[in-house]
Amino acid sequence: EYKMPRVHHFVLTDSAGGKQYGTALTVFEEFKGKQQQQQSEIERVSSSGSSGAKWQKKMYFAPRVLVLLSTWPYLTAFRTYLTQLYRLATTTNVMTAPIERYVQNICS
């Protein structure tokens, strides 16, 4: 079942009291694995033998998480960056590299 993207904020604290602020964008993308393709073939073959039976393809969704860590608490800015980046990656053809590369570039 598809779920809407979600944003989570968190803080990591080390033993000396230093803090790392994190923003995570969790999205759910359709999973197309080998096993799923083979299962579709089996369903197609088995339903073709029965008269008038229709098969439904099951869709599976796997989570993908994009995370930004920083020593600065810019949580709202990170949320905006991650959501806009994901929107550009999924709705336009502007981005030619994998989305992870764009997340890496902001950290450099």
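Look up a bit, the structure's there.
Here is a short report on the structure shown in this document.

Rules and cut-offs
Residues numbered from 1 in each chain as written. Predicted model: local features only at pLDDT ≥ 70, side-chain atom pairs only at ≥ 80, totals over all residues. Heavy atoms only, no water. Pairing = 2+ DSSP bridges. Helix = DSSP H or I, 4+ residues; strand = E, 2+ residues; numbered from the N terminus. Axes fitted to C-alpha atoms, helices over the stretch in contact; angles between N-to-C directions. Phe/Tyr/Trp six-rings, centres within 6.5 Å; stacked < 30°, edge-to-face > 60°. Buried < 20%, exposed > 50% of the residue type's maximum accessible area, 1.4 Å probe, protein only.

Now for the sheet that holds strand β3 (residues 60-70). Here three strands make up an open sheet; going across it, the order is β1-β2-β3 and the pairing antiparallel. On the outer flanks of this sheet lie β1 (6-13) and β3, each paired with one strand and no other. Adjacent strand axes in the sheet meet at a mean angle of 25°, parallel and antiparallel pairs treated alike. Direction of pairing for strand β2 (residues 19-31) relative to β3: antiparallel, over a ladder of eleven bridges. Across the sheet, the residue bridging to Gly22 is Leu69, located in β3.

All right, on to the packing of aromatic side chains then. Throughout the structure, instances matching the rule amount to two aromatic pairs. When the ring of Tyr74 is compared with that of Phe78, the centres are 6.4 Å apart and the planes differ by 75°; the resulting orientation is edge-to-face. Given the relative accessible area of 47%, Tyr74 is considered partly exposed. Take Phe78: its relative accessible area is 13%, and that puts it in the buried class. Three or more aromatic residues link up through ring pairs in this structure, and these residues are Trp72, Tyr74 and Phe78.

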